[in-house]
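These are the residues of each chain, in order.
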Amino acid sequence: MITTYKAAADIDVITSNFPVPGMGLVPINAFVLHGAEPVLVDTGAVVESGEFMAALRGVIDPGDLRWIWLTHTDFDHIGSLQPLLDDNPQLRVITTFIGVGIMSLAAPLPMDRLYLLNPGQTITVGERTLTAMKPPAFDNPVTTGFYDDRSGALFSSDCFGAMLDAVPERASDLTDDELRSGQIFWATVDSPWLHKTDRALLAREIDAIRAMDPTLILSSHLPAADRATTERLFTSLEAVPSATPFVGPDQAALEQMLSQMTAGS
Ligand SMILES: [Fe+2]
Ligand SMILES: [Fe+2]
């Protein structure tokens, strides 16, 4: 089920909890930034496109949107991209050159509807200036998050996500152990290369976000995290290189699961 809540007066969260059998729930978030030029950050999961559009209509008329910020091209971010572009001719997509290339293999983006932005570059959308950044962890080379100077929020894409048993609307409502273990597990799944990184380099990347001092961190896969919670996010991510690497269930485990399901039916 897709629901919505407010992360700030001018930022709505559109969220769905995706169950991963035996592991927990992954929140899948998109965000609406209200203003003179409204921005939709990502467009939900492919499997939930119809429900996503209904939830979006509950917080804004999709015809009023001016921009889609596509953090990356994974299936949990591009779900309603095509219908939104088809229905609203003024809507443009902020992404990267690689994002356009990957989309061209499935649903090509019209060249005259693009705005290509690289990390470090800025775009002004109405009363907001958005500064593109590459988060410290990601699962797709397209990934570009951003800092919004109006709200002070950092949109971090998959970075700082967590696998959770239950998903509150505020990350601050999670216990230290729920947040830390959920975040570390997610990162070992989503960014397994973190086990091979130079820890000092990773720490410098996280310090760069500390220096931004965001009022909120809005991850695609975590409840909204206020300023009082961000340090917990940083220390969890710093711990990932030494965490146990994720290994998925193999064929023997699958067959055991199937036989249990058959026995139970
Ligand atoms: Fe992703
Ligand atoms: Fe994602």
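Scroll up to find the structure this text is about.
Just so you know, these numbers come straight off a predicted model, no measurement behind them.

**Q** Could you give me a rundown of helix α1 (residues 49-57), with the residues and numbers involved?
**A** Given 3.6 residues per helical turn, the α-helix brings residues three or four places apart onto the same face. Looking at α1, one finds that the buried residues are Ser49, Phe52, Met53, Ala55 and Leu56. Within α1, the buried residues cover an arc of 165° as seen down the axis, which keeps them to one side. When the buried face of α1 is taken as reference, the exposed residues oriented beyond 90 degrees from it are Gly50 and Arg57. Those residues of α1 that are buried lie in contact with β1 (2-8), β2 (11-20), β3 (24-33), β4 (39-41) and α2 (81-87).

**Q** Report on the sheet that holds strand β13 (residues 225-226), specifying residues and quantitative values.
**A** Spatial ordering of the open sheet is given by β8-β9-β10-β11-β12-β13, a layout of six strands whose pairing is mixed. Each having just a single partner strand, β8 (122-125) and β13 make up the two edges of the open sheet. Pairing of strand β12 (residues 216-219) with β13 involves two bridges; the strand directions are antiparallel. Bridging across to β13, Leu216 finds its partner in Asp226.

**Q** Mind laying out the coordination of the iron ion (ligand 2), listing which residues take part and the relevant values?
**A** Ideal geometry at a metal gives 109.5 degrees between four tetrahedral donors and either 90 or 180 degrees between six octahedral ones. Taken together, Asp76 (OD), His77 (NE2), Asp158 (OD) and His221 (NE2) make up the full set of protein donors to the iron ion (ligand 2), lying 2.1 to 2.3 Å away. Viewed at the metal, the four donor atoms of the iron ion (ligand 2) are separated by angles of 84 to 171°, and the geometry they form is irregular. The motif formed by the donor residues of the iron ion (ligand 2), counted along the single chain, is D-H-x80-D-x62-H. Here the iron ion (ligand 2) and the iron ion (ligand 1) are spaced 3.3 Å apart, and both take Asp158 as a donor.

**Q** How would you sum up the coordination of the iron ion (ligand 1)? Please name residues and give values.
**A** Taken together, His72 (NE2), Asp74 (OD), Asp139 (OD), Asp139 (OD) and Asp158 (OD) make up the protein donors of the iron ion (ligand 1), found 2.1 to 2.4 Å from the metal. Between consecutive donors of the iron ion (ligand 1), the numbers of intervening residues give the motif H-x1-D-x64-D-x18-D. Under the relative-accessibility criterion, Asp158 is labelled buried at 2%.

**Q** Describe a nonpolar patch on the surface, with residues and values.
**A** Together, Leu254, Met257, Leu258 and Met261 make up an exposed nonpolar region whose accessible area comes to about 380 Å². Within the secondary structure layout, Leu258 lies in helix α7 (residues 251-264). Residue classification places Leu258 among the partly exposed positions, given a relative accessible area of 44%.

Parameters at a glance
Residues numbered from 1 in each chain as written. Chains lettered and ligands numbered in written order. Predicted model: local features only at pLDDT ≥ 70, side-chain atom pairs only at ≥ 80, totals over all residues. Heavy atoms only, no water. Buried < 20%, exposed > 50% of the residue type's maximum accessible area, 1.4 Å probe, protein only. Helix = DSSP H or I, 4+ residues; strand = E, 2+ residues; numbered from the N terminus. Arc of directions from axis to C-beta. Contact = heavy atoms within 4.5 Å. Pairing = 2+ DSSP bridges. Donors = N, O, S within 2.8 Å, 3.2 Å for Na, K, Ca; no water. Tetrahedral: all angles 85-135°; square planar, octahedral: opposite > 155°, others 65-115°. Patch = residues over 30% accessible without salt bridge, like charges linked within 9 Å, V, L, I, M, F, W, Y side chains within 5 Å. Areas by Shrake-Rupley, 256 points an atom, 1.4 Å probe, with all protein chains shown as cover. Salt bridge = Lys/Arg side-chain N within 4 Å of Asp/Glu carboxyl O.

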